[in-house]
Amino acid sequence: MNGESATPLFWILLGILVILILIVIIVYFVQWLDFFTKELRHLNNEIGRTTGREQKRWKRRKRRLLLSIIPFIRY
């Protein structure tokens, strides 16, 4: 086996690895997006249902959820 025949095999394996990593990233993103939309819907319902001090608390939670889009801010 010389170096020329190993090069295409390397690129094929690298391509498969990249595709697997992309699939994992897409799965995690879809799960996060599902949680985000459900939580946002819940918070909006609570904001519409409540008034006063309790409503401020729900608005704070909504602001924290929206800020959690930034990767280093946790919800």
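In short, a report on the structure. Keep in mind that what you see is a predicted model, and the values were worked out from it rather than measured. (Residues numbered from 1 in each chain as written. Predicted model: local features only at pLDDT ≥ 70, side-chain atom pairs only at ≥ 80, totals over all residues. Heavy atoms only, no water.)

A tally of regular secondary structure across the protein gives two helices and zero strands. The C-alpha atoms of the protein give a radius of gyration of 22 Å, which is well past the 11 Å a tight globule of 75 residues would have. Overall, the C-alpha framework of the protein stretches about 75 × 20 × 10 Å when taken along its three principal axes. Total accessible area on the protein stands at roughly 6600 Å², and carbon and sulfur atoms take up 67% of it. Computing the positive centroid from 13 side-chain charges and the negative centroid from 5, the protein places the two 15 Å apart. (Helix = DSSP H or I, 4+ residues; strand = E, 2+ residues; numbered from the N terminus. Rg over C-alpha atoms; globule rule 2.2 N^0.38 Å. Areas by Shrake-Rupley, 256 points an atom, 1.4 Å probe, with all protein chains shown as cover. Lys, Arg positive; Asp, Glu negative; His and termini not counted. Charge placed at Lys NZ, Arg CZ, Asp CG, Glu CD.)

Looking now at the packing of aromatic side chains. What the rule picks out here adds up to four aromatic pairs. Taking the centre distance of 5.2 Å and the plane angle of 70° together, the rings of Phe 10 and Trp 11 count as edge-to-face. Judged by its relative accessible area of 55%, Trp 11 is exposed. An aromatic cluster of at least three residues, connected via ring pairs, comprises Phe 29, Trp 32 and Phe 36. The positively charged end of Arg 57 is found above the aromatic ring belonging to Trp 58, 4.6 Å away from the centroid. (Phe/Tyr/Trp six-rings, centres within 6.5 Å; stacked < 30°, edge-to-face > 60°. Buried < 20%, exposed > 50% of the residue type's maximum accessible area, 1.4 Å probe, protein only. Lys NZ or Arg CZ within 6 Å of the ring centre and 35° of its normal.)

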